[in-house]
2 protein chains.
Amino acid sequence: MDAAIDLSDASKALDLANIRFQLIRLEDTIIFHLIERVQFPLNQTIHVACGVDIGEPTTSLFDWMLREQERLQSLEPILKPLHYPQILHPNTVNVNAQLKDCYIKHILPAACMQTDRGESQENYGSSATCDVMTIQSLSRRIHFGKFVAEAKFQQEMDRSVKLIKDEDRKGIDEAITNAAVEKKVLERLKLKAKTYATDPDLGANESSKVNADAVVVMYKDWVIPRTKEVEVEYLMQR
Amino acid sequence: MDAAIDLSDASKALDLANIRFQLIRLEDTIIFHLIERVQFPLNQTIHVACGVDIGEPTTSLFDWMLREQERLQSLEPILKPLHYPQILHPNTVNVNAQLKDCYIKHILPAACMQTDRGESQENYGSSATCDVMTIQSLSRRIHFGKFVAEAKFQQEMDRSVKLIKDEDRKGIDEAITNAAVEKKVLERLKLKAKTYATDPDLGANESSKVNADAVVVMYKDWVIPRTKEVEVEYLMQR
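Residues numbered from 1 in each chain as written. Chains lettered and ligands numbered in written order. Predicted model: local features only at pLDDT ≥ 70, side-chain atom pairs only at ≥ 80, totals over all residues. Heavy atoms only, no water.

J.: Would you mind going over the interface of chain A and chain B with me for this structure?
T.: Frequently, the measure chosen for interface size is the accessible area removed from exposure when the parts meet. Taken together, the contacts link 49 residues of chain A with 49 residues of chain B. Across the chain A to chain B interface the summed buried area is about 4,500 Å²; carbon plus sulfur atoms make up 65%. When the area that chain A buries against chain B is broken down by residue, the three leading residues are Leu72, Ile78 and Glu122 of chain A, summing to 14%. Our enumeration of links across chain A and chain B arrives at 8 salt bridges. Across the salt bridge formed by Asp199 of chain B and Lys192 of chain A, the nearest N and O atoms sit 3.5 Å from each other. Where chain A packs against chain B, one counts 13 residue pairs in polar contact (both at pLDDT 80 or more). Those elements giving two or more residues to the side of chain A that touches chain B turn out to be helix H2 (16-37), helix H3 (61-74), helix H5 (124-143) and helix H9 (179-196) of chain A. (Contact = heavy atoms within 4.5 Å. Buried area = accessible area lost by both parts, 1.4 Å probe. Salt bridge = Lys/Arg side-chain N within 4 Å of Asp/Glu carboxyl O. Polar contact = N/O pair within 3.5 Å; in protein donor to acceptor, adjacent residues only side chain to side chain. Helix = DSSP H or I, 4+ residues; strand = E, 2+ residues; numbered from the N terminus.)

J.: Just to check I follow, could you spell out the relation of the copies chain A and chain B for this structure?
T.: The relation between the two chain copies is a rotation about an axis coupled with a shift along that axis. Here chain A sits on chain B after a turn of 180° about the axis and a move of 0.0 Å along it, with an RMSD of 0.0 Å. Look at the turn and shift together and you get a two-fold axis relating the two. Taken as a fraction of all interface residues of chain A, those also at the interface in chain B reach 100%, which identifies the copy contact as same-surface. (Least-squares fit on C-alpha atoms with pLDDT ≥ 70 in both.)

J.: Looking at this model, I keep getting lost on the environment of Met236 of chain A. Mind explaining?
T.: All names here are of chain A. Along the chain, the position of Met236 falls in helix H10 (residues 212-236). Assessed through its relative accessible area of 16%, Met236 is described here as buried. In this structure Met236 touches Ile164, Glu167, Arg169 and Ile172, once residues within four positions along its chain are discounted. (Buried < 20%, exposed > 50% of the residue type's maximum accessible area, 1.4 Å probe, protein only.)

J.: What exactly am I supposed to notice about H5 of chain A here?
T.: For the α-helix, the turn length of 3.6 residues means that residues three or four positions removed from each other point alike. Here H5 of chain A is 20 residues long and its end C-alpha atoms lie 28 Å apart, about the 28 Å a rise of 1.5 Å per residue gives. Taking burial as the measure, the 20 residues of H5 of chain A include 20 buried ones, the bulk of the element. (Expected span 1.5 Å × (residues − 1).)

J.: Is there a simple way to explain the pattern of salt bridges in this structure?
T.: For side chains bearing opposite charge, pairing can occur when the charged atoms are close. Using the criterion set out here, one finds 48 salt bridges over all chains in the structure. With a closest N to O distance of 3.1 Å, Arg25 of chain A and Glu36 of chain B form a salt bridge. Linking Arg25 of chain A in helix H2 with Glu36 of chain B in helix H2 (residues 16-37), this pair reaches from one chain into another. The class for Glu36 of chain B is buried, based on a relative accessible area of 6%. Close ionic contact of Lys170 of chain B with Glu174 of chain B constitutes a salt bridge, the shortest N to O distance being 3.1 Å. Here Lys170 of chain B pairs with Glu174 of chain B, and both are found in helix H8 (residues 169-176), just 4 residues apart, close to one helical turn. Its relative accessible area of 61% is what places Lys170 of chain B among the exposed residues. One connected set of salt bridges, linked through shared partners, spans Glu27, Asp28, Arg188 and Lys192 of chain A together with Asp199 and Lys209 of chain B.

J.: Please explain the nonpolar core as it appears in this structure.
T.: Looking at soluble globular proteins, one finds that nonpolar side chains tend to be buried together. Core analysis: the biggest nonpolar cluster contains 140 residues, and Leu61, Met218 and Tyr219 of chain A together with Leu61, Met218 and Tyr219 of chain B have the highest contact counts within it. Beyond its immediate stretch of four places on either side in the chain, Tyr219 of chain A contacts Glu27, Ile30, Arg141, Val185, Leu186, Leu189, Ile224 and Pro225 of chain A. (Core = buried A, V, L, I, M, F, W, Y, C linked by side-chain atoms within 4.5 Å.)

J.: Honestly, the packing of H2 of chain B against helix H10 (residues 212-236) of chain B in this entry has me stumped. Any pointers?
T.: Packed helices, taken two at a time, are described by their axes: the angle between them and the distance between them. All names here are of chain B. At a minimum axis distance of 12 Å, the contact between H2 and H10 shows a crossing angle of 130°. Taken together, the axes of H2 and H10 lie oblique to each other. For the pair H2 and H10, the sense of crossing is right-handed. Counting all contacts with H2, which are made through Glu27, Ile30, Ile31 and Leu34, the residues of H10 involved are Val215, Met218 and Tyr219. (Axes fitted to C-alpha atoms, helices over the stretch in contact; angles between N-to-C directions. Parallel < 35°, antiparallel > 145°, perpendicular 65-115°, else oblique. Left-handed = near helix turned anticlockwise from the far one by under 90°.)

Quick look at the structure:
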């Protein structure tokens, strides 16, 4: 799904204030989807090839759902192609395989820890649908790193070109890292996860709909590092 | 999508405290989906037959997306049929056609009022996807009325049977109406919509992600009356 950013206007798409607004807004989307997902048990079976027999021996129910959902959402046979201006440098950076792996192995089990790690066959379909929404929003967040990288590149052209020419991945990583900003992101996430996971009418009396610490760890250990990977690799292909 | 209620256990499915919990939890789901939807403009074109040419002259992009999405989520060719106990009396009550009509004509335009009533072709697909999620959650909420009705029927069997035999729709409507509870629902909704629509890190400085009054009106004018319709008609078919 497209983010709400206006990609038809190159100057807006690379305005850092605009990008920042979108990244912060995407946090809400990710938390909403994760909250919806964890009302169901972990249902690990849906992530195992042939765990649910869908007639394809190497495909899990989740893989099938993701593929069919993306086929549906791409609307390729239906909508006329949109003409976006060339905003990003042509690149092949895509970390979706790694994202899927850590979502299934780490992010989801941690998020479901305090709710239910069991199985509920009658929610296989709903769980897979929520997984698709969640992983799509995470993917959007992470690959937004390309816009961040491009905007930073254009702001500091000389320094960036030197680092790229030297293939100095570590130097690029340092140049795009801002520890204070990252700390602030994690604090904001915790506050958001707590707020959105609590029925304001019940307040502290209610059990939280999602484990806020798991949301923070998800960003700290997976979302932020993967986003930086995307930024570095995008710049290396520039 | 199935609600998280355990339909495999008839006693839980008809426990009024359980039903109440699910109805309150569904409020969050509905608000989350609506918040996601209204980040895009109204994009009325996607609700008009042939507004977007999908090769079927009487089908809108939204209709096509809803149909394909439900086909995908039903997983019919894939999952073995689940055996639920017979909880509800057999019935044909379904108000989805009316729901779709009022969603497109009233609910969505009101929700998009303060954001953007325009068009953004590049978000047609995303808007339709969010519309499907929102209308599905509304439909679940409204048709949950059948469980409410069944539970109330079993609690007050004699009185219910008399009203049903007399075909006293007005009497049934009065019997299931609790003005104090409805007032409380609307107050809670307003609080939830305000809370979830506000970035807690920015607080009052941020423009709200959704118009809380539109959420309240949606429930007051459409969700609650349609739910009661479902309850009354379900009982009339009993």
